[in-house]
Amino acid sequence: MFETAGGLLSIDLSIIQANYRRLCDELNGKNCSVVVKADAYGLGIEPVSKALWEAGARTFFVALPDEGVELRHILPDADIHILGGLFKGSADVYTTHNLVPVLNSLEQIQDWQNRARADIQVDTGMTRLGIAPQDIGQIPSGLNTDVLMSHFACADERDHPLSIQQIETFTQAVQQIEHTRASLCNSAGIFLGEKAHFDLGRPGCSLYGINPTPHTTNPMQNPVHLQGKVIQVHEIDTQQSVGYGATYKLHAGQKLATIAVGYADGYLRSLSSKATVYVEGQAAQVIGRVSMDAIGIDVSGMKCEEGQYVDVIGPNNTPDDLAKWAGTIGYEILTSLGRRYKRIYKG
Ligand SMILES: *Cc1c(COP(=O)(O)O)cnc(C)c1O
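Model, not experiment: these values are computed from the prediction. (Residues numbered from 1 in each chain as written. Predicted model: local features only at pLDDT ≥ 70, side-chain atom pairs only at ≥ 80, totals over all residues. Heavy atoms only, no water.)

A. A look at the packing of helix H1 (residues 13–27) against helix H3 (residues 45–54). Put simply, H1 and H3 touch, their axes get as near as 9 Å, and they point 50 degrees apart. By the angle class used here, H1 and H3 are oblique. Relative to H3, H1 is oriented so that their crossing is right-handed. Contacts between H1 and H3 involve Leu-13, Ile-16, Gln-17 and Tyr-20 from the first element and Pro-47, Val-48, Ala-51, Leu-52 and Glu-54 from the second. (Axes fitted to C-alpha atoms, helices over the stretch in contact; angles between N-to-C directions. Helix = DSSP H or I, 4+ residues; strand = E, 2+ residues; numbered from the N terminus. Parallel < 35°, antiparallel > 145°, perpendicular 65-115°, else oblique. Left-handed = near helix turned anticlockwise from the far one by under 90°. Contact = heavy atoms within 4.5 Å.)

B. Expanded view of the site of the ligand. As a structural note, the neighbourhood of the ligand is formed by 14 residues, with Lys-37, Tyr-41, Ser-187, Cys-205 and Tyr-331 the closest of them. Between an oxygen atom of the ligand and a side-chain N or O atom of Ser-187, the distance comes to 2.5 Å. Residue Tyr-331 places a side-chain N or O atom 2.7 Å away from an oxygen atom belonging to the ligand. Expressed as a share of its isolated accessible area of 380 Å², the protein-covered part of the ligand is 93%. Applying the majority rule of atoms within 2 Å of the grid points places the ligand in the largest pocket. Counted by class, the shell around the ligand contains seven nonpolar, four polar and three charged residues. (Near = heavy atom within 4 Å. Polar contact = N/O pair within 3.5 Å; in protein donor to acceptor, adjacent residues only side chain to side chain. Areas by Shrake-Rupley, 256 points an atom, 1.4 Å probe, with all protein chains shown as cover. 1 Å grid on protein atoms, 1.4 Å probe; cavity = no way out; pocket = protein on both sides within 12 Å on 5 of 7 lines; lining within 4 Å. Sits in = over half its atoms within 2 Å of the grid points. Nonpolar A, V, L, I, M, F, W, Y, C, P; charged D, E, K, R; others polar.)

C. Region of interest: the side chain of Thr-276. Along the chain, Thr-276 turns up in strand E15 (residues 276–279). At 3.4 Å, the side chain of Thr-276 and the side chain of Gln-285 are in polar contact.

D. Broad picture of the environment of Tyr-309. Mapped onto the secondary structure, Tyr-309 falls in strand E18 (residues 309–313). For the pair Tyr-309 and Gly-7, spaced 302 residues apart in sequence, the C-alpha separation works out to 8.2 Å. Excluding its chain neighbours within four sequence positions, the residues that come into contact with Tyr-309 are Glu-3, Leu-8, Gln-227, Gly-228 and Lys-229.

E. View of the layout of surface pockets. Looking at the largest pocket, its volume works out to about 740 Å³. When contributions to the lining of the largest pocket are tallied by element, the ones reaching two or more residues are helix H2 (37–41), helix H8 (187–190) and helix H10 (330–336). Its residues placed into classes, the lining of the largest pocket shows 20 nonpolar, 10 polar and six charged. Counting residues domain by domain, the lining of the largest pocket receives three or more from each of domain 1 (33–208) and domain 2 (224–346). (Points joined across faces, edges and corners; volume = space filled by probe spheres on them. Domains from an automatic or database assignment.)

F. Representation of H3 within the structure. All buried positions along H3 are accounted for by Ile-45, Val-48, Ser-49, Ala-51 and Leu-52. End-on, the buried residues of H3 take up no more than an arc of 160 degrees, which puts them together on one face. After H3 finishes, the residue Gly-56 shows a positive phi value of roughly 115 degrees. (Buried < 20%, exposed > 50% of the residue type's maximum accessible area, 1.4 Å probe, protein only. Arc of directions from axis to C-beta.)

Here it is as structure tokens:
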């Protein structure tokens, strides 16, 4: 196969569908919406949203009205909600494209003027978006509220006291504010058990394979496989350094391969000398600094040739593994995946 990209990024849509069904099972009969903001966490809003629709998802959340408009063209019949709220002066955009705003303040409720159904978010402890619990009494009556929601701050930490408190605060809001569906759980929240489920789950990262239970084995499967192209192999005969800053020394007898994936492709610079790549199943260390378009890997003693592909993300180096090596979270690895890869959708 003749390939001119530095990397082949393959995304298995049937795994994303299986993850959706796994989350539905965990919710045990409660409904499950899907969060496809930020281009479906970097994996491609169009193919991913269509696959999730096919798997039975009907309610979709994005962050921005712009993302909602894009999704409306992809899924004409979907129920689309905008987490970022009602952007000032743009109520007509929501109405034209049948987008449901999550009203995050009393002012937004006023600006919406009850045009059609809308969601209301109560801030139960995240202090990011939503109406403060002490202001609930000021919400006008007679609103057509669809989803009453809130968001966990620490659901990925087992038995965090703030999660228990957020469930209590949200339970009170559910009793005080009329609504059709109540929703509190992101991915990690779904794994806190039934008391956190209310009517509607709202997972994002877990659909895309990120572990929603970081303290234990990942119940989700990884749909992402990234292969990087070997563009040069160096047999080392005298000691020399690798890459910018000459941070790593190679010795005679070692072998280095240069791979056409770099920080401009979302392979974070903080992975320098930290990450592992797999060459036909054999672990090869990233050595020296990640540059814009390339990384160097130690392939001493391995069969490795120009033109070959190596696994940069795969079963043994998942987005969560890369995140751990880079000192970040899997979400950032996925949403950083670059635009230069040749993308292949499977399933
Ligand atoms: C992003 C987001 C989600 C999804 O969270 P995950 O941790 O990715 O499952 C759910 N609700 C809100 C309000 C969000 O911003």
